Amino acid sequence: MRRCFIFAAGSFYGLRERPAPGDFVIAADAGYQICMREGVCPDLLLGDFDSMEPPADFAHVCRLPVEKDDTDALDALKEGLKRAYDTFYIYGGTGGKRLDHTLANLQCLLFLRRRGARGFLYDNDFVWTVIENEALTIRRTVEWGLFSAFCLGDRAEGVDEEGFQYPLKDAVLTPDFPLGVSNHILEQEARITVRKGALAVGWELSP
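Residues numbered from 1 in each chain as written. Predicted model: local features only at pLDDT ≥ 70, side-chain atom pairs only at ≥ 80, totals over all residues. Heavy atoms only, no water.

## Brief notes about the packing of aromatic side chains
So, step 1. Considering all chains together, one arrives at 11 aromatic pairs under this definition.
So, step 2. An angle of 40 degrees between the planes, with centres 5.6 Å apart, marks the rings of F126 and W128 as tilted.
So, step 3. For F126, a relative accessible area of 14% gives the class buried.
So, step 4. Since its relative accessible area comes to 14%, W128 is described here as buried.
So, step 5. Through a chain of ring-to-ring contacts, the aromatic side chains of F5, F7, F12, Y89, Y91, F120 and Y122 assemble into a single cluster.
So, step 6. Lying over the aromatic face of Y85, R2 brings its terminal NZ or CZ to 4.2 Å of the ring centre.
So, step 7. The ring of F111 has R115 sitting right over it, with the charged end atom 3.7 Å from the ring centre. (Phe/Tyr/Trp six-rings, centres within 6.5 Å; stacked < 30°, edge-to-face > 60°. Buried < 20%, exposed > 50% of the residue type's maximum accessible area, 1.4 Å probe, protein only. Lys NZ or Arg CZ within 6 Å of the ring centre and 35° of its normal.)

Encoded structure:
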């Protein structure tokens, strides 16, 4: 597992995983300010710098055009993929005043999965990832911990939820009905499976 940490400019709720030697850290635009507050030195600072100007004494800066297709966060993920990292921890990618960026970052999790990597998007006592045509085992970290699953695409077929208050067996989830919202993890380990399609799945973390 090769780990890459992305710090974006949204709301920050604290570090769940801290970078260790050998990890790669990218600050996306004003995500640099989060790094400074947390005592994390980024290996790279990139962005179009519409939220802040890069510090004059920071050497590793990649300035992106303002008019572009990619968000700063997606460019940071692409940079990590280019360097062969396969596990991404994304902080500051939710909340703030920009629901559109939260939705964009959920889509970015699918972008990563389809390129053989996995991303974890941290919200307030919650973490999100994406699964596609696969299963994922989740360890319960909170008694009666919340869990939600949403379809990313036209439909997700063959969905099983085992170890939850409301189990599913060979279910179909669609984007127009939130059947998978607000379940609870009952067992020490729960398992979510989707045989055809993609799901955004999120679960509660201890405070």
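## Things to note about helix α2 (residues 72–82)
So, step 1. Within α2, 8 of the 11 residues are buried, which leaves the element mostly enclosed by the surrounding structure.
So, step 2. Every buried residue belonging to α2 is among D72, A73, L74, D75, A76, L77, E79 and G80, and all of these are buried.
So, step 3. Where α2 is buried, its residues contact β1 (3–7), β2 (24–28), β3 (44–47), β5 (87–91) and α3 (99–113).
So, step 4. Just downstream of α2, A84 is the residue with a positive phi angle, here 70 degrees. (Helix = DSSP H or I, 4+ residues; strand = E, 2+ residues; numbered from the N terminus. Contact = heavy atoms within 4.5 Å.)

## Looking at the nonpolar core
So, step 1. By size, the foremost hydrophobic cluster in this structure holds 36 residues, and its most contacted members are F147, V159, I192, L199, V201 and W203.
So, step 2. No other element matches strand β12 (residues 189–204), which puts 6 residues into this core.
So, step 3. Not counting residues within four places of it along the chain, the set of residues in contact with I192 comprises I131, E134, A135, L136, I138, F147, V159, D160, E161, L199 and V201.
So, step 4. Membership of the second largest hydrophobic core comes to 26 residues, among which are C4, L46, L112 and F126. (Core = buried A, V, L, I, M, F, W, Y, C linked by side-chain atoms within 4.5 Å.)

## Structural notes on the side chain of E161
So, step 1. Of note, E161 is situated in strand β9 (residues 156–162).
So, step 2. Of the side chains with opposite charge, R195 lies nearest to the buried E161, which makes no salt bridge, at 11 Å.
So, step 3. Residues in contact with E161, not counting those within four places in the same chain, are F147, A149, Y166, P167, L168, N183, R191 and I192. (Lys, Arg positive; Asp, Glu negative; His and termini not counted. Salt bridge = Lys/Arg side-chain N within 4 Å of Asp/Glu carboxyl O.)

## Regarding the pattern of salt bridges
So, step 1. Within this structure, the stated rule accounts for 18 salt bridges.
So, step 2. Where E79 meets K82, a salt bridge forms, and the shortest distance between an N and an O atom there is 3.4 Å. Here the residue E79 and the residue K82 both occupy positions in helix α2, the gap between them amounting to 3 residues, near one helical turn.
So, step 3. On the basis of relative accessibility, which here comes to 15%, the residue E79 falls in the buried class.
So, step 4. K82 gets classed as exposed once you look at its relative accessible area, which sits at 64%.
So, step 5. The partner of E189 in a salt bridge is R139, and the shortest N-O contact between them spans 3.2 Å. Of this pair, E189 sits in strand β12 while R139 sits in strand β7 (residues 126–139); the two residues are 50 residues apart in sequence, bridging distant segments of the chain.

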